[in-house]
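What follows is each chain in one-letter form.
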Amino acid sequence: MTGLLAAIGYYLIIKIAEIILARRNYKTIDRSLLEFLNQLGNFSVIQGEVTNVLHQTAQYAPSILAEALEECYIEAQTTGNVSAALMGLVDQFEHEKFKEIVINLEVCSRYTANLKVIVDSLRRNLMDAKRASQERRAIADSAIVEMVILSIMLLIVLAVVDTMIKASIWDVLLHSIVGYIALGVAGICYLIFGFAIMKER
């Protein structure tokens, strides 16, 4: 039994570490996307081929992104297959906007479209998305404040009720089936609220 619990604990630690690492990588990519597009726009004027542009851009990117860009460049130079190299780059990070950018670059490379025009369009779209994200985050922050206030008010109401009845409301909540059910439902509601807030933030 002890061995099973240890195995479960080890597995949970590994999964939590993976989630934390993925979240950190996501935030790193998210923070660097706008600068990444700015540098793409700058180098697209003097470096025609897409992976060459990525190669030049890598020196201004965070290390985790720079390594992925260099790998893409080396693969394209080694195999001569720019599309395959770019599609490999798409799978490097679980970030929807990054994937969208690279897929657009891959389409641009196949149809020899104007890279500068594509990058400018992607930059505008990213800025619009960031504004929308900031608005959602502000709404989420407001919802957190409201939930905290409601929770405090609920505790105050319970304390007042406790003084008005003979039985202790805390005993009912903590030592009865009805209390367990009420606390369970409240806990589930808080979990759903927490996950919803995390998704928006």
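Quick note: structure is the one above.
S.K.: So, the nonpolar core: which residues are in play, and what are the values?
M.R.: Within the largest apolar cluster, 32 residues are counted, with the highest numbers of intra-cluster contacts made by F36, L40, L54, L65, L69, L89 and F98. Counting only elements with at least two residues in this core, the list comes to α1 (2-44), α2 (50-58), α3 (63-79), α4 (82-90), α5 (96-110) and α6 (115-164). Filtering out sequence-adjacent residues up to four positions away, L89 remains in contact with L54, A68, L69, C72, F98 and V102.

S.K.: Mind laying out the packing of aromatic side chains, listing which residues take part and the relevant values?
M.R.: All told, the structure shown has three aromatic pairs when counted by the stated rule. Taking the centre distance of 6.3 Å and the plane angle of 35° together, the rings of F36 and F98 count as tilted. Of this pair, F36 sits in helix α1 while F98 sits in helix α5; the two residues are 62 residues apart in sequence, bridging distant segments of the chain. Grouping aromatic residues by their ring pairs yields a cluster made of F36, F93 and F98.

S.K.: Summarise the pattern of salt bridges; cite the residues concerned and give the values.
M.R.: For the coordinates displayed, the defined rule picks out seven salt bridges. The residue E94 makes a salt bridge to K99 at a minimum N-O spacing of 4.0 Å. Residue E94 is classed as exposed on the basis of its relative accessible area of 66%. A salt bridge links D128 to R131; the nearest nitrogen and oxygen atoms lie 2.3 Å apart. Of this pair, D128 and R131 both sit in helix α6, three residues apart, which is roughly one turn of the helix.

Thresholds applied
- Residues numbered from 1 in each chain as written.
- Predicted model: local features only at pLDDT ≥ 70, side-chain atom pairs only at ≥ 80, totals over all residues.
- Heavy atoms only, no water.
- Core = buried A, V, L, I, M, F, W, Y, C linked by side-chain atoms within 4.5 Å.
- Buried < 20%, exposed > 50% of the residue type's maximum accessible area, 1.4 Å probe, protein only.
- Helix = DSSP H or I, 4+ residues; strand = E, 2+ residues; numbered from the N terminus.
- Contact = heavy atoms within 4.5 Å.
- Phe/Tyr/Trp six-rings, centres within 6.5 Å; stacked < 30°, edge-to-face > 60°.
- Salt bridge = Lys/Arg side-chain N within 4 Å of Asp/Glu carboxyl O.

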